[in-house]
Amino acid sequence: MPLFRRSSSPNVKKLQQRRDVEGLLALLTDPADEIRARAADALGEIKDARAVDSLLALLTDPADDVRKSAARALGEIKEPRAVEPLIATLNDPANEIRKSAARALGEIKDARAVEPLIAALQDPAYDLRASAAEALGEIKDARAVDPLLNLYFKERDLAVAVPVLKALGQIRGDRAVEVLISVLEDQSTTEEHEMALWRAARALEEIGDVRAVEPLLAVQKNRAHRDSVRKKAAGALKQIKSSR
């Protein structure tokens, strides 16, 4: 079976299926941006540590798609040596690459990334703030709780507020529980608050703290809230009670 299409373009998928790491590594220097990016993606899927050095080199590739794929692949491989270079990539001029770097750091779960990710919570790009929050939730370091709380209280974009609440639920701790309960006790019924309320109930369900029982019960009984929110509150109550 030939490894090249009629166009003479390298068959990256076939190399990936054969787990041909050396063949894919050779493609990381291909003159075509698309081939380099696809080869990086394939190496990330294979998760072979032999690819780390070559992928690190691609973090400074001139093509945005290649840098994005390299960052994503390094996160999938979960190599600690990639942490510092990925932290540096949080300052990449392209927002998509910064997002990929943040997500990769969340995949690796190394404490060295906590402070740089906290700094990224202040980035002007809402989707990077969201990605940084998600990564901090994956790392689960208590240092992130107060910065996440501060962001939640001032963040108007729901695309950021929801990942922040989820991260607080993943990290747990008294401060996280307190702010999540405060969300439940807010009587607002706007569409944005209803969505944040659902996520707060979901986060408290993950934490399983008994202090949330009464506030969740109040939400469940309040017919002013959406059915989906009341159902989520009921589900959280059931989970917390079953774990006691």
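Scroll up to find the structure this text is about.
Just so you know, these numbers come straight off a predicted model, no measurement behind them.

A. Expanded view of the overall build of the chain. Helix and strand counts for the chain come out as 15 helices and zero strands. For the chain, the proportion of its 244 residues judged to be buried stands at 53%. Across the chain, contacts joining residues at least 24 apart in sequence account for 61% of those joining residues at least 6 apart. Summed over its atoms, the accessible surface of the chain is roughly 12,000 Å², and 49% of this surface lies on carbon and sulfur atoms. Distance between charge centroids for the chain: 6 Å, based on 40 positive and 40 negative side chains.

B. The environment of Ile207, seen in detail. If you trace the backbone, Ile207 turns up in helix α13 (residues 191-207). Here the alpha-carbon distance between Ile207 and Asp30, two residues 177 residues apart in the chain, equals 48 Å. When sequence neighbours within four positions are dropped, the list of residues in contact with Ile207 reads Leu168, Gly169, Arg172, Val177 and Leu180.

C. Broad picture of the nonpolar core. Within the largest apolar cluster, 89 residues are counted, with the highest numbers of intra-cluster contacts made by Leu55, Leu86, Leu117, Leu148, Leu168 and Leu216. Contacts of Leu117, omitting those with residues within four sequence positions, involve Leu90, Ala102, Leu105, Ala132, Ala135, Leu136 and Ile139.

D. Spatial organisation of the packing of helix α11 (residues 158-171) against α13. Across the interface, α11 lies against α13 with an axial gap of 8 Å and an inter-helix angle of 15°. Between α11 and α13, the angle falls in the class roughly parallel. For the pair α11 and α13, the sense of crossing is right-handed. Two secondary-structure elements touch here, α11 through Leu158, Val162, Leu165, Lys166, Leu168, Gly169 and Gln170 and α13 through Glu192, Met195, Ala196, Arg199, Ala200, Ala203, Glu206 and Ile207.

E. Focus on the environment of Ala113. Mapped onto the elements of the fold, Ala113 is located in the loop between α7 (95-108) and α8 (114-120). Here Ala113 falls in the buried class, since its relative accessible area comes to 0%. C-alpha separation for the pair Ala113 and Arg36, spaced 77 residues apart in sequence, amounts to 27 Å. In contact with Ala113, other than residues within four places in its own chain, are Ile87, Leu105 and Ile139.

F. Structural context of the pattern of salt bridges. Tallying each qualifying case throughout the model produces 28 salt bridges. A salt bridge links Glu206 to Arg202; the shortest N-O distance between them is 3.3 Å. Linking Glu206 with Arg202, this pair stays in helix α13, spanning four residues, or about one helical turn. Owing to a relative accessible area of 24%, Glu206 belongs among the partly exposed residues under this scheme. Accessibility expressed as a relative area gives 25% for Arg202, which makes it partly exposed. Of the charged contacts, one joins Arg230 and Asp227 as a salt bridge, the two residues approaching to 3.9 Å between their closest N and O atoms. Residue Arg230 and its partner Asp227 are located together in helix α15 (residues 227-242), separated by three residues, close to a single helical turn. On the basis of relative accessibility, which here comes to 52%, the residue Asp227 falls in the exposed class.

G. Fine view of the packing of helix α9 (residues 126-139) against α11. The geometry of α9 relative to α11 is characterised by a closest axis approach of 8 Å and an angle of 10° between their N-to-C directions. Taken together, the axis directions place α9 and α11 in an arrangement best described as roughly parallel. Across from Tyr126, Arg129, Ala130, Ala133, Glu134, Leu136, Gly137 and Glu138 in α9, the residues of α11 making contact are Ala159, Val160, Pro163, Val164, Ala167, Gln170 and Ile171. Class assignment for the residues of the contact of α9 with α11 results in ten nonpolar, two polar and three charged.

Procedures and definitions
Chains are numbered independently. Their residues run from 1 in the order of the written sequence. For a predicted model such as this one, the threshold for reporting local features is a pLDDT of at least 70, and the threshold for listing and counting side-chain atom pairs is 80 or more; totals across whole chains, interfaces and linings nevertheless cover every residue. Values shown for side chains rest on all heavy atoms present in the structure; no hydrogens or waters enter the calculation. Helix and strand assignments follow DSSP, with helices taken as H or I runs no shorter than four residues and strands as E runs no shorter than two, numbered in order from the N terminus. Per-residue accessibility, obtained with a 1.4 Å probe over protein chains only, is compared with the maximum for each type, and a residue is labelled buried under 20%, exposed over 50%, and partly exposed between these values. Throughout, a residue-residue contact means that at least one pair of heavy atoms, one from each residue, lies within 4.5 Å. All accessible areas in this document rest on Shrake-Rupley with a 1.4 Å probe, and a residue is counted as covered only by the protein chains that are shown. Lys and Arg are tallied as positive, Asp and Glu as negative. Neither His nor the chain termini are counted. Throughout, a charge is located at the NZ atom of Lys, the CZ atom of Arg, the CG atom of Asp or the CD atom of Glu. Among the buried residues, those of types Ala, Val, Leu, Ile, Met, Phe, Trp, Tyr and Cys that are joined through side-chain atoms within 4.5 Å form a nonpolar core. Geometry is summarised by axes, namely lines fitted to C-alpha atoms with helices restricted to the contacting stretch, and by angles between N-to-C directions that run from 0 to 180 degrees. Each angle is binned into one of four classes, with values under 35 degrees roughly parallel, values over 145 roughly antiparallel, values of 65 to 115 roughly perpendicular, and all other values oblique. By convention the crossing between two helices is left-handed if the near helix lies anticlockwise of the far one by an angle smaller than a right angle, and right-handed if it lies clockwise. Counted as salt bridges are all cases of a side-chain nitrogen of Lys or Arg within 4 Å of a carboxyl oxygen of Asp or Glu. Gly is put with the polar residues, along with every residue not named as nonpolar or charged; the nonpolar set is Ala, Val, Leu, Ile, Met, Phe, Trp, Tyr, Cys and Pro, and the charged set is Asp, Glu, Lys and Arg.

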